[in-house]
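Listed below are the residues making up each chain.
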Amino acid sequence: MTTPVIGVLALQGDVREHLIALAAADAVARPVRRPEELAEVDALVIPGGESTTMSKLAVLFGMLEPLRERVRAGMPVYGTCAGMIMLADKLLDGREDQETLGGIDMIVRRNAFGRQNESFEARIDFAGIDGGPVEGVFIRAPWVESVGASAEVLATYDGHTVAVRQGNVLATSFHPELTGDDRVHAYFVDMVRAGL
């Protein structure tokens, strides 16, 4: 069985937690800050954080276009919270100058579940993951307003789409890396391994 090398975009956000969760899911995990580091990984996780800051730093570090190119070329990518926003083809309530990578035919609304003090945890039924619901931590979380025909809804919460997959690209509104439950990361690692 091949062990994939999966990067975590280390410009801003909860990088360390993703590195730990990926290692627990039997991947080689490493931080990625520069285009040459991106070129050395099989797949990438875009962590939660602040999506506007992340997009500005991606431009500053010369990462925006290399990231877009790798996504278009079919590199597996998983985005959590701000990472979901970065993977949206269209964005609501973003800044006018905010850049996304695209990759999933979806419209995402930033901070849809409320402000920081309205953060919460919930059990989420996730299609394709065995063992019962996964724990989701929602922190200033987005939700998906709509998906195109190519995107598959994997999970909803309170009537809102919170997990989506389109081909090699996966996104969740919530942070599974903060729970100690590595099943979503294992699901992504299996996606990556299937393409190696």
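Residues numbered from 1 in each chain as written. Predicted model: local features only at pLDDT ≥ 70, side-chain atom pairs only at ≥ 80, totals over all residues. Heavy atoms only, no water.

Within an unreviewed UniProt entry, the label attached to the protein reads Pyridoxal 5'-phosphate synthase subunit PdxT, and the organism entered is Streptomyces katrae. Annotation of the protein in UniProt includes, under Sequence similarities (unreviewed entry), the sentence "Belongs to the glutaminase PdxT/SNO family." (UniProt positions renumbered as here; feature names shortened; annotations may be inferred.)

1. With respect to the overall build of the protein
The number of helices and strands found in the protein is 6 helices and 12 strands. Here the C-alpha radius of gyration of the protein, 15 Å, is about what a compact globule of 196 residues would show, namely 16 Å. The principal-axis extents of the C-alpha atoms in the protein amount to approximately 40 × 40 × 35 Å. Scored against the burial criterion, the 196 residues of the protein give a buried share of 51%. Sequence separation of 24 or more characterises 66% of the internal contacts of the protein that already satisfy a separation of 6 or more. Total accessible area computed for the protein in this model is approximately 8,500 Å², and 46% of it derives from carbon and sulfur atoms. Side chains of the protein give 18 positive and 28 negative charges; the mean places of these two sets differ by 4 Å. (Helix = DSSP H or I, 4+ residues; strand = E, 2+ residues; numbered from the N terminus. Rg over C-alpha atoms; globule rule 2.2 N^0.38 Å. Buried < 20%, exposed > 50% of the residue type's maximum accessible area, 1.4 Å probe, protein only. Contact = heavy atoms within 4.5 Å. Areas by Shrake-Rupley, 256 points an atom, 1.4 Å probe, with all protein chains shown as cover. Lys, Arg positive; Asp, Glu negative; His and termini not counted. Charge placed at Lys NZ, Arg CZ, Asp CG, Glu CD.)

2. Considering helix H6 (residues 183-194)
In a regular helix each residue adds 1.5 Å, so 12 residues correspond to 16 Å; H6 covers 16 Å between its end C-alpha atoms and thus fits that length. All buried positions along H6 are accounted for by Val184, His185, Tyr187, Phe188, Val189, Met191, Val192 and Arg193. (Expected span 1.5 Å × (residues − 1).)

3. Thoughts on the packing of aromatic side chains
The description of an aromatic ring pair uses the distance of the two centres, along with the angle that the planes make with each other. The full count for this structure, using the stated rule, is 10 aromatic pairs. Between the aromatic rings of Tyr78 and Phe188, the centroid separation amounts to 5.7 Å while the plane-to-plane angle is 40°, which identifies the pairing as tilted. Of this pair, Tyr78 sits in strand E4 (residues 77-80) while Phe188 sits in helix H6, and the two are 110 residues apart along the sequence. An angle of 85° between the planes, with centres 5.0 Å apart, marks the rings of Phe113 and Trp143 as edge-to-face. Taken as a pair, Phe113 in the loop between strand E6 (104-109) and strand E7 (120-124) and Trp143 in strand E9 (residues 143-147) lie far apart in primary sequence, 30 residues in all. Take Phe113: its relative accessible area is 14%, and that puts it in the buried class. One aromatic cluster is present, built from ring pairs that chain together Phe113, Phe120, Phe138, Trp143, Tyr157 and Phe174. (Phe/Tyr/Trp six-rings, centres within 6.5 Å; stacked < 30°, edge-to-face > 60°.)

4. Re the UniProt feature "binding site: L-glutamine" (unreviewed entry) in the protein
Feature annotation in UniProt assigns "binding site: L-glutamine" (unreviewed entry) to the following positions: Gly49, Glu50, Ser51, Arg110, Ile139 and Arg140. Spanning 92 residues, the named residues form one tight spatial group whose C-alpha atoms are at most 12.6 Å apart. Relative to the helices and strands, Gly49 resides in the loop between strand E3 (43-46) and helix H3 (51-60). Its location among the elements puts Arg110 in the loop between E6 and E7. Reaching out from Arg110, the side chain makes a polar contact with the side chain of Glu50 at a distance of 2.9 Å. (Polar contact = N/O pair within 3.5 Å; in protein donor to acceptor, adjacent residues only side chain to side chain.)

5. Quick word on the UniProt feature "active site" (unreviewed entry) in the protein
The UniProt entry lists Cys81, His175 and Glu177 under the feature "active site" (unreviewed entry), expressed in the numbering used here. Separation in sequence by 97 residues is not matched in space for these annotated residues, since their most distant C-alpha atoms are only 11.1 Å apart. Along the chain, the position of Cys81 falls in the loop between E4 and helix H5 (82-87). What makes His175 buried here is its relative accessible area of 5%. Setting aside residues up to four positions removed in sequence, His175 forms contacts with Asp14, Gly48, Thr80, Cys81, Val137 and Ile139. One polar contact links His175 to Asp14, side chain to side chain, over a distance of 3.2 Å.

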